[in-house]
Amino acid sequence: MLVTGKQLLQHAMKTRTAVGAFNATTMEAARAIIQAAEELKTPVILQHAHIHDDLMPMEEIGPLL
């Protein structure tokens, strides 16, 4: 489920938990992060650094993230 940053922070404050931010360099990595978050029922922040565009361009991985 997609939420806004504000909703994410409100949830973190309410549950007194941190929110992990993970750099997804490939589609496989992004899928693994999403699957783990769903299994644990915990929110995550998905990131992609432009320096990794040679591995997976933003145009390809962006829609997945």
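Residues numbered from 1 in each chain as written. Predicted model: local features only at pLDDT ≥ 70, side-chain atom pairs only at ≥ 80, totals over all residues. Heavy atoms only, no water.

**Observations concerning the overall build of the protein chain**
Phase 1: Along the protein chain, the regular secondary structure elements total three helices and two strands.
Phase 2: Each helix and strand of the protein chain, ordered N terminal to C terminal, gives the series α-β-α-β-α.
Phase 3: Across the protein chain, every contact between residues at least 6 apart in sequence was considered, and the portion connecting residues at least 24 apart equals 62%.
Phase 4: For the protein chain, the computed accessible surface area is about 5,100 Å², with 60% contributed by carbon and sulfur atoms. (Helix = DSSP H or I, 4+ residues; strand = E, 2+ residues; numbered from the N terminus. Contact = heavy atoms within 4.5 Å. Areas by Shrake-Rupley, 256 points an atom, 1.4 Å probe, with all protein chains shown as cover.)

**Regarding helix H2 (residues 27-40)**
Given 3.6 residues per helical turn, the α-helix brings residues three or four places apart onto the same face.
Phase 1: Between its terminal C-alpha atoms H2 stretches 20 Å, which fits the 20 Å expected from 14 residues at 1.5 Å a residue.
Phase 2: Taken as a whole, H2 has its buried residues at Ala 30, Ile 33 and Ala 37. Down the axis of H2, the buried side of the element spans an arc of 65 degrees, and every buried residue falls inside it. In H2, the exposed positions that point more than 90 degrees away from the buried face belong to Glu 28, Glu 38 and Glu 39. (Expected span 1.5 Å × (residues − 1). Buried < 20%, exposed > 50% of the residue type's maximum accessible area, 1.4 Å probe, protein only. Arc of directions from axis to C-beta.)

**Some words on the layout of surface pockets**
Phase 1: Quantified by volume, the largest pocket comes out at close to 640 Å³.
Phase 2: Along the walls of the largest pocket sit 19 residues, with Met 1, Leu 2, Val 3, Pro 43 and Val 44 positioned nearest its centre.
Phase 3: Within the residue set of the lining of the largest pocket, elements represented by two or more residues are helix H1 (5-15), H2 and strand E2 (44-47).
Phase 4: For the lining of the largest pocket, the element with the most residues is H1, which contributes four residues. (1 Å grid on protein atoms, 1.4 Å probe; cavity = no way out; pocket = protein on both sides within 12 Å on 5 of 7 lines; lining within 4 Å. Points joined across faces, edges and corners; volume = space filled by probe spheres on them.)

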